[in-house]
Amino acid sequence: MPAPPGQPDRPDQSSPAVPRPGLFRPVRRDPRGLSGPTPKMARTDGWRRSSRGRYVPASVERTVEQRILEASAALPDFGGVTGWAALRWQGASWFDGIGAAGLERPVTLATSGSRTRPQAGIALSHEGLDPHHLIEVDHLRLTTAVRSVWFEMRHAPNQTQASIALSMAAYADLVSVQELLDFALEHPAWTGAPQCRRAAALAYENAWSPPEVILALTWEVEAGLGRPWLNRPVFDDHGRHIGTPDLFDPETGLAIEYDGKHHLQLNQRAQDLGREERFRRHGLENLTVLAPHLADRHALARRMHEARARARGQPESRRRWSVEQPSWWTPTHTVALRRALAPRDRARLLGYRWADRDSQSPLGPNSVREWTQR
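Residues numbered from 1 in each chain as written. Predicted model: local features only at pLDDT ≥ 70, side-chain atom pairs only at ≥ 80, totals over all residues. Heavy atoms only, no water.

1. Concerning the pairing of strand β6 (residues 134-137)
The pairing of β6 with strand β7 (residues 140-143) spans 4 bridges and is classified as antiparallel. The partner of I135 across the bridge, within β7, is L142. What sits between β6 and β7 in their antiparallel hairpin is a turn of 2 residues, with D138 showing a positive phi close to 50 degrees. (Pairing = 2+ DSSP bridges. Helix = DSSP H or I, 4+ residues; strand = E, 2+ residues; numbered from the N terminus.)

And the structure:
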């Protein structure tokens, strides 16, 4: 990548040209070619226009973060990036900015009443914006996490998508369900507020992927089986960890697993079979759910009821499992519990979220897409 030219000329954008490694802050044209390309250079294949009046070298990879950075160059003096893009920039990696049809979602800029012209790849929100809801993260102006997910939920295409948005923001420990509810109650009359409140009641702080949210919603809404346990550990009668099912019914001992694409790999499949056998040895009933099953949630609800009936029919003598956590176990199933961890414990207990998330996503790296069943 070419060496970054000088700093942008706007006072509020005077931070370093590279806010994060591998990114390039868009620059204006410079007749001298010092702080940006000359007008002639800008017309060559060596540069591309990132937004109106801004350019980056053509060699700069257009990653999700780079796309957000490029859109932010269009911010007026007051405003910030919001919605999915603000959550992504703050660490919620499941938000990849790709819609259901595989097309890029625009980066939304909260500009309040500022006059900003529409541009390709950028959406504008002219809703009111409290200055206290603006922050700066790595030299980029954003709306706070709770305000960002509140925006995303209100403008989601449906309640399911809104629940997924909050659940994945909670997965990143950016926002708890209660924090969102408190914020929503303070802003009751905004566009989409009723959907936001309904979706918050059906969001989960320990769902590890969007499909798991669909799984939980099917259990709770379509099957009517109450609030599910997501990614909670199960132990044997000696306090040894048996496994952590995606969804678990502590009443009957039903363990439900969602298997995405990576579960088709031979080594992963071998591990899955070993865990299923381990569950059965301890008297647990297994139910495996694949992506096509999520397309018909009513049929999946019937499968859940049938599996639950099988689990209930297990003789008590075969029940060699427990949900009672031994003293050595550190619970991490809520945002509050995870935030309270010491840095070393957080790295030790939650490192899998960064190490494995790309491979576990059924849609590819870190994806939150419209999992609404059509």
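2. Observations regarding the sheet that holds strand β14 (residues 321-322)
Here we have 3 strands laid out as an open sheet, ordered β10-β9-β14, and antiparallel in their pairing. Where the open sheet ends on each side, the last strands, each with one partner, are β10 (241-243) and β14. In the sheet, strand β9 (residues 234-236) pairs with β10 via 2 bridges, with the strands oriented antiparallel. Counterpart to F235 in the pairing with β10 is H241.

3. Comments concerning the environment of A184
Positionally, A184 belongs in helix α6 (residues 177-186). On the basis of relative accessible area, A184 is assigned to the buried category, the value being 2%. Residues A184 and R154 lie 30 residues apart in sequence; the distance between their C-alpha atoms is 9.8 Å. Ignoring any residue separated from it by four or fewer positions in sequence, one finds A184 in contact with W150, C196 and R197. (Buried < 20%, exposed > 50% of the residue type's maximum accessible area, 1.4 Å probe, protein only. Contact = heavy atoms within 4.5 Å.)

4. Some remarks on the side chain of T144
Counting through the fold element by element, T144 comes out in the loop between β7 and α4 (145-154). The residues touching T144, leaving out its near neighbours within four places in the chain, are Q90, H132, H133, L134 and I135.

5. Focus: the pattern of salt bridges
For side chains of opposite charge, pairing can occur when their charged atoms come near one another. Tallying each qualifying case throughout the model produces 20 salt bridges. One salt bridge connects D236 with R240, and the closest N-O pair in it is separated by 2.8 Å. Of the charged contacts in the structure, one is a salt bridge between R308 and E251, with a shortest N-O distance of 3.0 Å. Within this pair, whereas R308 is found in helix α10 (residues 297-312), its partner E251 is found in the loop between β11 (247-249) and β12 (254-259), the two being separated by 57 residues in sequence. In the salt-bridge network here, residues are joined through shared partners; they are D249, E251, R308 and R312. (Salt bridge = Lys/Arg side-chain N within 4 Å of Asp/Glu carboxyl O.)

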